[in-house]
Amino acid sequence: MSMRVLITGGAGFIGVHLANQLVRRGAAVRVLDDLSSGDPASLSPSVNFNRGDVRDVPKLWSLLQGVDVVFHLAARVSVPASVLYPREYNDVNVGGTVALLEACRDVGVKRVVLASSATVYGDQPSWPITEDMPPNPAVPYAVSKLAAERYLFTIGRLSGFETVALRIFNAYGPGQPLPPTHAPVIPLFMQQIIGRGSVIIFGDGRQTRDFVYIDDVVDALITAATASNIDQEVINVGSGQETSLLQLVDTICSVVNAHANVIENSEASGGIRHLVADLTKARQLLKYKPRTQLVDGLRKFYEQDARFGARAHAGKALVG
Ligand SMILES: NC(=O)c1ccc[n+]([C@@H]2O[C@H](COP(=O)([O-])OP(=O)(O)OC[C@H]3O[C@@H](n4cnc5c(N)ncnc54)[C@H](O)[C@@H]3O)[C@@H](O)[C@H]2O)c1
């Protein structure tokens, strides 16, 4: 693959996996990341890493020279944090997207792939969710991703470059950040269950999500860089499997061989009731087929991530 790419947010969870996979496939990879949450330590040494803000247009002008495809991943990504800091989410997720698109127009990039989010759907009357359902964003993060999509398609169409937005459902896998507040459910539950702590579930635990393993997300992103007939399209990227939070806890328990003490906080909102992807469009346009079942993905996460794997090995040493 002789492609030259820029990944914004390329030191984050999805970005590192994407960058390293692109390097393995022979692409020339540049990364721009302000390290507000990312960490470049796991990037392949072949990646050209640049620290900076995605709103810095002059910096983008120079980083975009010779680039064929941009993967736009830089964003603030926490739903609850966006409720507290909507201005910040608008500044980075919307302002950063517009700055990037202006620079892409100026330099003459061929295609921009946006990492959008399933949260733009909000609650829908039926599921699995297809791309033609009217967006119903319920939190500032979701609004910012929807606005980013609209700017993407508008500026791309006006400026003559190709654009595609992947609406990623709940991605998980090794290296996923576990911040002290607003942590994503899978690494959080895994840590709590391994540590014999209590697992607190907001709502009744019967809300469902579509957990998609990182390798499947990366495959979809890379295909979106080169597939034909996807200009101006939004495409779901999930596993297509619906899992309730209670089922998720059970599955993690079976993988890490531990018991969970679940506390349901039914006073708190569990968020969107059902989020599961219909993958018909992804199959048609990207030949996308998720390869990793939840139980297998959780096992890989547990075994490969040093934060959990170290414990697993220590445990095995003790037993035998
Ligand atoms: N992880 C998921 O389940 C998921 C689901 C749907 C969509 N997405 C989208 O995928 C993208 C990547 O998500 P992730 O899970 O890897 O999150 P992440 O927080 O690990 O990665 C985001 C990266 O963007 C960087 N960043 C933030 N603000 C920046 C700025 N102003 N300038 C430059 N870099 C900046 C951060 O330092 C971080 O490395 C995001 O756009 C997110 O909205 C993720």
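For clarity, every value in this text was computed on a predicted model and none was experimentally measured.

So, on to the overall build of the protein chain. Along the backbone of the protein chain there are 11 helices and 13 strands. What you see for the protein chain is a C-alpha radius of gyration of 19 Å, in line with the 20 Å of a compact globule of 320 residues. Expressed as a percentage of its 320 residues, the buried residues of the protein chain come to 52%. For the protein chain, the accessible surface area stands at approximately 14,200 Å², while carbon and sulfur atoms represent 51% of it. Charged side chains in the protein chain number 30 positive and 30 negative. The centres of these two groups are separated by 4 Å.

Around the ligand, the structure places 31 residues, and the nearest of them are Phe-13, Asp-33, Arg-76, Tyr-141 and Lys-145. Note that an oxygen atom of the ligand is positioned 3.2 Å from one of the backbone N or O atoms of Ser-36. Within the side chain of Arg-76, a nitrogen or oxygen atom sits 2.8 Å from a nitrogen atom of the ligand. With 3 residues, strand E5 (residues 111-117) is the largest single contributor of residues to the shell around the ligand. Considering only residue class, the shell around the ligand consists of 16 nonpolar, 9 polar and 6 charged.

This part covers the side chain of Ser-244. Turning to its location among the elements, Ser-244 is positioned in strand E12 (residues 243-244). In this view, Ser-244 contacts Gly-205, Arg-206, Gln-207 and Thr-208; residues no more than four positions away in its chain are not counted.

We now examine the domain arrangement of the protein chain. According to the domain assignment, the protein chain contains domain 1 (4-172 + 212-237) and domain 2 (185-209 + 241-273 + 293-319). Taken together, the contact pairs 8 residues of domain 1 with 12 residues of domain 2. When domain 1 packs against domain 2, the two sides together hide about 750 Å² of surface, and 62% of this comes from carbon and sulfur. Ranking the residues of domain 1 by area buried against domain 2 places Asp-123, Tyr-172 and Tyr-213 at the top, with a combined share of 64%. One can count 0 salt bridges joining domain 1 with domain 2. At the boundary of domain 1 and domain 2, one finds 2 residue pairs in polar contact (both at pLDDT 80 or more). Classifying every residue of the side of domain 1 that touches domain 2 by side-chain character gives 3 nonpolar, 3 polar and 2 charged.

Quick look at helix H4 (residues 86-107) now. Taking 1.5 Å as the rise per residue, H4 with 22 residues should run 32 Å; its terminal C-alpha atoms sit 31 Å apart, in good agreement. Taken residue by residue, H4 has Tyr-89, Val-92, Asn-93, Val-94, Gly-96, Thr-97, Ala-99, Leu-100, Leu-101, Ala-103 and Cys-104 as its buried positions. In this structure, the buried residues of H4 make contact with strand E1 (4-8), helix H2 (57-63), strand E4 (69-72), helix H3 (79-84), E5 and helix H5 (140-159). Of the residues trailing H4, Gly-108 is marked for its positive phi of about 90°.

What follows covers unusual backbone geometry. Note: most residues except glycine have negative phi, and most peptide bonds are trans. Trp-127 connects to Pro-128 through a cis peptide bond whose omega is 5°. Residue placement: Pro-128 occurs in the loop between E5 and H5. Even without being glycine, Gln-232 reaches a positive phi, approximately 70°. Among the structural elements, Gln-232 can be located in the loop between helix H7 (214-226) and strand E11 (233-237).

Spatial strand order, E3-E2-E1-E4-E5-E6-E11: 7 strands in an open sheet with parallel pairing. Unpaired on one side and paired on the other, strand E3 (48-51) and E11 mark the two borders of the sheet. This sheet shows a mean twist of 20° between the axes of neighbouring strands, independent of strand direction. Where H5 meets the sheet, it contacts E5, strand E6 (162-168) and E11, and its direction lies at approximately 160° from that of E6. Along the sheet face, H7 touches E4, E5, E6 and E11 and points at about 150° away from the line of E5.

Rules used in this analysis
Residues numbered from 1 in each chain as written. Predicted model: local features only at pLDDT ≥ 70, side-chain atom pairs only at ≥ 80, totals over all residues. Heavy atoms only, no water. Helix = DSSP H or I, 4+ residues; strand = E, 2+ residues; numbered from the N terminus. Rg over C-alpha atoms; globule rule 2.2 N^0.38 Å. Buried < 20%, exposed > 50% of the residue type's maximum accessible area, 1.4 Å probe, protein only. Areas by Shrake-Rupley, 256 points an atom, 1.4 Å probe, with all protein chains shown as cover. Lys, Arg positive; Asp, Glu negative; His and termini not counted. Charge placed at Lys NZ, Arg CZ, Asp CG, Glu CD. Near = heavy atom within 4 Å. Polar contact = N/O pair within 3.5 Å; in protein donor to acceptor, adjacent residues only side chain to side chain. Nonpolar A, V, L, I, M, F, W, Y, C, P; charged D, E, K, R; others polar. Contact = heavy atoms within 4.5 Å. Domains from an automatic or database assignment. Buried area = accessible area lost by both parts, 1.4 Å probe. Salt bridge = Lys/Arg side-chain N within 4 Å of Asp/Glu carboxyl O. Expected span 1.5 Å × (residues − 1). Pairing = 2+ DSSP bridges. Axes fitted to C-alpha atoms, helices over the stretch in contact; angles between N-to-C directions.

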